[in-house]
Amino acid sequence: MTADDPYGRLDDDDYPAYTMGRAAEMLGTTQGFLRAIGEARLIAPLRSEGGHRRYSRYQLRIAARARELVDQGTPIEAACRIIVLEDQLEEAQRINAEYRRAADTADPRTDE
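Draft legend 1. The overall build of the chain, seen in detail. Each helix and strand in the chain was counted, giving four helices and three strands. Shown N-terminal to C-terminal, the secondary structure of the chain runs as helices and strands in the order β-α-α-β-β-α-α. Of the contacts made within the chain by residues no fewer than 6 positions apart, 57% connect residues no fewer than 24 positions apart. Within the structure as shown, the chain displays about 8200 Å² of accessible surface, and the carbon and sulfur contribution to it stands at 49%.

Shown next, in the form of structure tokens:
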């Protein structure tokens, strides 16, 4: 985003563009659900100057995943933990792939 492009933030997945009411509406859930996953520290919405919660698209995707798990009967605390573990696994797999690429590049030997 530049001074010439004041709306570039609209493409930013981390920009807190959605109010709690709008976020709940988009997810088809309640504001209480959003508060609960915030209290479980799954997401930490930013606060407006007036103290209102604001959510980003990235946070809404996480909340949607939590809602899927809860709708399947998973307790909210467990759903939040599952999502954190899924995220950690994805990050570990990404790092592992980077190490493999680096090792393949560093070893000039070819497979026979």
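Draft legend 2. Just the sheet that holds strand E2 (residues 46–47), in detail. Strands sit in the order E1-E3-E2 across an open sheet of three strands; the sheet is antiparallel. With one partner strand each, in any of the chains shown, strand E1 (18–19) and E2 form the two edges of the open sheet. Judged from the two bridges that link them, E2 and strand E3 (residues 53–55) form a sheet pairing that is antiparallel. Within the sheet, the bridge partner assigned to Arg 47 lies in E3 and is Arg 53. Where helix H3 (residues 57–71) meets the sheet, it contacts E1 and E3, and its direction lies at approximately 90 degrees from that of E3.

Draft legend 3. Expanded view of the pattern of salt bridges. Evaluated as defined, the whole model comprises eight salt bridges. For Arg 57, the salt bridge identified is with Asp 13, shortest N-O distance 3.2 Å. Note that Arg 57 is positioned in helix H3 and Asp 13 in the segment before E1, a separation of 44 residues in sequence. Note on Arg 57: relative accessible area 29%, which makes it partly exposed. A relative accessible area of 29% places Asp 13 in the partly exposed class. Measuring nitrogen to oxygen at the nearest pair gives 2.6 Å for the salt bridge that ties Asp 13 to Arg 61.

Draft legend 4. Looking closely at the side chain of Ser 56. Structurally, the position occupied by Ser 56 is in the loop between E3 and H3. Apart from the residues lying within four places of it in its own chain, the contact partners of Ser 56 are Asp 13, Asp 14, Tyr 15, Pro 16 and Tyr 18.

Draft legend 5. Quick peek at the nonpolar core. In this structure, Leu 34, Ile 37, Leu 42, Ile 43, Tyr 55, Ala 66 and Ile 83 are the most contacted members of the largest nonpolar core, which totals 19 residues. Among the elements that take part in this core, H3 stands out by supplying five residues, more than any other. Non-local contacts of Ala 66, meaning those with residues more than four positions away in its chain, are made with Phe 33, Ile 37, Leu 42, Ala 79 and Ile 83.

Draft legend 6. Structural view of the packing of H3 against helix H4 (residues 76–106). Two elements in contact, H3 and H4, have axes separated by 9 Å at closest approach and are oriented at 130 degrees. With respect to each other, H3 and H4 are oriented oblique. Helix-helix and strand crossings are classified by hand; for H3 and H4 the assignment is right-handed. For the pair H3 and H4, the contacting residues are Ile 62, Arg 65, Ala 66, Leu 69 and Val 70 in the first and Ile 76, Ala 79, Ile 82, Ile 83 and Glu 86 in the second.

Conventions adopted
- Sequence order as written defines residue numbering, which begins from 1 separately in each chain.
- Where local features are concerned, this predicted model is filtered to residues with pLDDT of at least 70; where side-chain atom pairs are given and counted, the filter is 80 or more; whole-chain, interface and lining totals use all residues.
- With hydrogens and water excluded, all non-hydrogen atoms of the structure serve as input to the side-chain values.
- For helices the rule is a DSSP run of H or I covering at least 4 residues; for strands it is a run of E covering at least 2, with both sets numbered from the N terminus onward.
- The contact criterion used is simple: two residues touch if any of their non-hydrogen atoms lie within 4.5 Å.
- We get accessible surface area from the Shrake-Rupley algorithm with a probe of 1.4 Å; when it comes to residues, only the shown protein chains can shield them.
- Two strands pair if DSSP finds at least two bridges between them.
- Here an axis means a line fitted to C-alpha atoms, over the contact stretch when the element is a helix, while the angle between two N-to-C directions is reported on a 0 to 180 degree scale.
- Salt bridges are identified by distance alone: a Lys or Arg side-chain nitrogen within 4 Å of an Asp or Glu carboxyl oxygen.
- The rule is simple: take the accessible area with a 1.4 Å probe, protein chains only, and divide by the maximum for that residue type; under 20% is buried, over 50% is exposed, in between is partly exposed.
- As used in this record, nonpolar core signifies buried Ala, Val, Leu, Ile, Met, Phe, Trp, Tyr and Cys residues forming a set joined through side-chain atoms within 4.5 Å.
- For classification purposes, angles smaller than 35 degrees are called roughly parallel, those larger than 145 roughly antiparallel, those between 65 and 115 roughly perpendicular, and all remaining angles oblique.
- In a left-handed crossing the near helix is turned counterclockwise from the far helix by less than a right angle, and in a right-handed crossing that turn is clockwise.

Geometric values such as these leave the question of function open.
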